[in-house]
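So the chains spell out like this:
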Amino acid sequence: MSKYNFDQEIDRKNTNSYKWDNPLYEGLDILPMPVADMDFRIADELTNTISHINDHGVLGYSLVPETLKRAYQTKIKESYDWDTQIEWQVWIPGIVPGLTLACSTFVSSEQSILTPIPVYHPFHLVSKWVDRDLLTFNMVEKDGRWVYDFIEFENQLKKNPGVFLFCNPHNPGGTVFTEVEIERIVFLCTKYDCMILSDEIHSDLQLQTSQKHVCIGKYISNELPAITFFATSKTYNTAGMGGAVAIIPNAKIREKYNKHIQGVLPMLSRHSIEIIQTSLTMNNEWLENLLIYLRNNHELLLSFIKQIKSLKMLPLEATYLAWIQYDKEILCDFQQRLFTNGLHVLRGDQFLGKNFIRVNIACTKKSLEKALLIIKKTIDEAH
Ligand SMILES: Cc1ncc(COP(=O)(O)O)c(C=O)c1O
């Protein structure tokens, strides 16, 4: 028996939670399933780490210790079989600021940013933030997975974008890219000399036991500029603490990136450093049980969706962010209808996807069942 109980209902209201204390919910009874954090209590080792810092009571500036750098190097080798060097690591407070800074640093004002769509919204919004043009290509359904349209991808690469933003596993849609797909991406980016920025924050949230995360960095030669971003924050539900690492094998790129970080990105907090260190070195019990729980939630959702004609969902390979297509003729603005009935999910438009909703299923089974009842009621009302 696990000591972890993911069925435990934890009241997150009045904790300044972005998810639960959304001002949109003022005076309403809303079940929130938007932003990507989990409703679960973190592992005991992590609460102990926080208690230990509290007992000490000093929160000055912190260094990333060699032990943590080595722990991440070991993690990347053991989990993804990629040999990296410690000096390739650049520590940043979060992946989104890290990606944004990479775009402003490496994409000239004449160049553009390339991303597949639909995609995690900062991947397309970043073009506005750094004032560069955006190029996109569509993900398409093939053999029950969301994959790249490689013809469209290559057509966009011909326009000479400064960077290609790779999200692996993909959010939303949950694709875990295969070795063959990754080799093709690397081949095309090399052919058109396009830098790769790879966000692998969801790499340990694998829902299919038959699949494994493949790191693109392992396939990129040192000549092609590339940055791979990792974090433990999604996996261990410490997103609010931040902290991430950028792996930059090419020394010139690393030097330039480090220079641009100065005075822009803050140092990591003592909390985030020690939380990441504990996440990487504690035993796997919490994560193993989390994955079992998420897989069960995923199965529950999938079998529910299968029974509803006006909804469609491809199985997620990773992440806890379900990407559900709806019949616009019947359900019109489905997201708004769900909200009216007490369920908040994200509109597909946010990710540049049409007629989709994105649903965060990292919640208790009880909450998921409540959400399914609201979805059912909303669909019944529309028929
Ligand atoms: C693909 C992806 N990258 C990055 C982030 C956020 O990363 P950070 O909090 O380190 O900026 C998220 C959060 O949902 C995400 O889904």
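Note that the structure is a prediction, hence the values are computed from the model and not measured.

Draft legend 1. Broad picture of the site of the ligand. Close contacts around the ligand come from Ala36, Gly94, Ile95, Val96, Pro97, Tyr120, Cys167, Asn171, Asp199, Ile201, His202 and Lys234, and that covers them all. A distance of 2.8 Å separates an oxygen atom of the ligand from a polar atom in the side chain of His202. At 2.7 Å, a side-chain N or O of Lys234 approaches an oxygen atom of the ligand. Here the ligand, which alone exposes 400 Å², has 89% of that area covered by the protein. For the shell around the ligand, the element with the most residues is helix α3 (residues 95–106), which contributes 3 residues.

Draft legend 2. A look at the domain arrangement of the chain. As far as domains go, the chain holds domain 1 (23–43 + 284–382) and domain 2 (66–281). Taking only C-alpha atoms, the centre of domain 1 and the centre of domain 2 are 26 Å apart. Each side of the interface is counted separately: domain 1 has 29 residues, and domain 2 has 31 residues. Of the roughly 2800 Å² buried at the junction of domain 1 and domain 2 (both faces included), carbon and sulfur atoms supply 60%.

Draft legend 3. The packing of aromatic side chains, seen in detail. For the structure on display, the rule yields 28 aromatic pairs. Plain terms: the ring middles of Trp82 and Trp88 are 6.4 Å apart, the flat faces sit at 45° to each other, and that makes the pair tilted. The pair formed by Trp82 and Trp88 is uniform in burial state, with each residue classed as buried. Pairing Phe137 with Tyr148 gives two aromatic rings, centres 4.9 Å apart and planes at 80°, and the pair type is edge-to-face. Of this pair, Phe137 sits in strand β4 (residues 133–142) while Tyr148 is found in strand β5 (residues 145–148), placing the two residues 11 residues apart along the sequence. Here Phe137 and Tyr148 have matching classes, each one buried. Among the aromatic residues, those joined into a cluster by ring pairs are Phe137, Tyr148, Phe150, Phe153, Phe164, Phe166 and Phe177.

Draft legend 4. Spotlight on the sheet that holds β4. Spatially, 8 strands are ordered β2-β9-β8-β7-β6-β3-β4-β5 in an open sheet, and the strand pairing comes out mixed. One side of each edge strand has no neighbouring strand; the edge strands of this open sheet are β2 (89–92) and β5. Strand-to-strand, the axes of this sheet are offset by a mean angle of 25°, without reference to chain direction. Of the pairings in the sheet, the one linking strand β3 (residues 112–117) to strand β6 (residues 163–167) comprises 2 bridges and is parallel in character. Its bridge partner being in β6, Leu114 is matched across the sheet by Phe164. The strands that helix α2 (residues 66–80) touches are β2, β8 (226–230) and β9 (244–247); relative to β2, the one it contacts most, it runs at about 110°. Across the sheet, helix α5 (residues 150–157) lies against β3, β4, β5 and β6, angled at about 170° from β4, the strand it touches most.

Draft legend 5. Here's a closer look at the side chain of Ser367. When you line up the elements, Ser367 lands in helix α12 (residues 365–382). Setting aside residues no more than four positions away along its own chain, Ser367 makes contact with Glu9, Leu31 and Met33.

Draft legend 6. How the structure looks around the pairing of β5. Sheet analysis places β4 next to β5, joined by 4 bridges and oriented antiparallel. Within the sheet, the bridge partner assigned to Met139 lies in β5 and is Tyr148. Connecting β4 to the next strand, β5, in antiparallel fashion are 2 residues, including Asp143 with a positive phi near 50°.

Conventions adopted
- Residues numbered from 1 in each chain as written.
- Predicted model: local features only at pLDDT ≥ 70, side-chain atom pairs only at ≥ 80, totals over all residues.
- Heavy atoms only, no water.
- Near = heavy atom within 4 Å.
- Polar contact = N/O pair within 3.5 Å; in protein donor to acceptor, adjacent residues only side chain to side chain.
- Areas by Shrake-Rupley, 256 points an atom, 1.4 Å probe, with all protein chains shown as cover.
- Helix = DSSP H or I, 4+ residues; strand = E, 2+ residues; numbered from the N terminus.
- Domains from an automatic or database assignment.
- Contact = heavy atoms within 4.5 Å.
- Buried area = accessible area lost by both parts, 1.4 Å probe.
- Phe/Tyr/Trp six-rings, centres within 6.5 Å; stacked < 30°, edge-to-face > 60°.
- Buried < 20%, exposed > 50% of the residue type's maximum accessible area, 1.4 Å probe, protein only.
- Pairing = 2+ DSSP bridges.
- Axes fitted to C-alpha atoms, helices over the stretch in contact; angles between N-to-C directions.

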